[in-house]
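# Report on the structure
Residue strings, one per chain:
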Amino acid sequence: MTLTLPEGDFKAYLFDCDGTIADSMPIHFIAWTQALREYGCTSFTEQLFYAWGGRPVDAVVSELNRRDNLNIPLAEFAHRKESLYYDLIHQLQPVPEVLEQIHLQHGNIPFAVVSGSTRESVVRSLETLGILHLFDTLVCAGDYAHPKPAPDPFLLAAQRLGVDPSACLVFEDADIGIQSATAAGMASVRILQPHERPAAAVSRAYA
């Protein structure tokens, strides 16, 4: 499956990581549900996981605490969830159509990864895929004041690359990421999430 890109003379590509470059969302869901069960939360469905995709971990856990009358410690949970993800990271595969665009344009224009995940998580995912060296800068959680859907993460990436926001193309799988790109004045292309892709394509990725 090849991506259809919007028309434009783009001077930089900005990529979300989880669910966009890395087909990591199924693995993250396993880590999330296992960690949440350990803290007594059993109401976190796959539908909710994807609906809340792109939100910071603290925001998700805070909302679950409020909604389900829980008291999950934020920092402790985040560490546990990341640990469970790293236990599974050897299974990680790239999103093929995004990887195709990376290889097509690498060396022609600069690339940035713009993620709500921690720098450690992004680095380990990209290292697992063998493509960390292809990106000029990483913008990760803690690098900006306001997360997606605010424009801050993408504007910071454009600033670091020295490219006007209007000349950047964003690759994103989450709605709040698309909203963030739009708020930054950038064109975007939406990457299908696993449950939106043809079943055969998902099966091949994890065969």
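Above this text sits the structure in question.
All figures in this text were calculated on a predicted structure; none of them were measured in a lab.

## Quick look at the state of the cysteines
- Scanning the model with the defined rule gives zero disulfides in all.
- Cysteine Cys140 is unpaired, with the sulfur of Cys17 as its nearest cysteine sulfur at 8.1 Å.
- Under the relative-accessibility criterion, Cys140 is labelled buried at 0%.

## Quick word on the sheet that holds strand β5 (residues 187-190)
- Sheet architecture is open: five strands sit in the order β3-β2-β1-β4-β5, paired in parallel fashion. The sheet is open, and its two edges are formed by β3 (137-139) and β5, each paired on a single side. On average, adjacent strands in this sheet sit at an angle of 20 degrees to one another, irrespective of strand direction.
- As judged from the three bridges shared by strand β1 (residues 12-15) and strand β2 (residues 111-114), these two strands associate in the parallel manner. From the neighbouring strand, Phe15 faces β2, where its bridge partner is Val113.
- Taken strand by strand, helix α7 (residues 152-161) contacts β1, β2, β3 and β4 (168-172), and its axis lies near 160 degrees from that of β3.

Conventions used here
- Residues numbered from 1 in each chain as written.
- Predicted model: local features only at pLDDT ≥ 70, side-chain atom pairs only at ≥ 80, totals over all residues.
- Heavy atoms only, no water.
- Disulfide = S-S within 2.5 Å.
- Buried < 20%, exposed > 50% of the residue type's maximum accessible area, 1.4 Å probe, protein only.
- Pairing = 2+ DSSP bridges.
- Helix = DSSP H or I, 4+ residues; strand = E, 2+ residues; numbered from the N terminus.
- Axes fitted to C-alpha atoms, helices over the stretch in contact; angles between N-to-C directions.
- Contact = heavy atoms within 4.5 Å.

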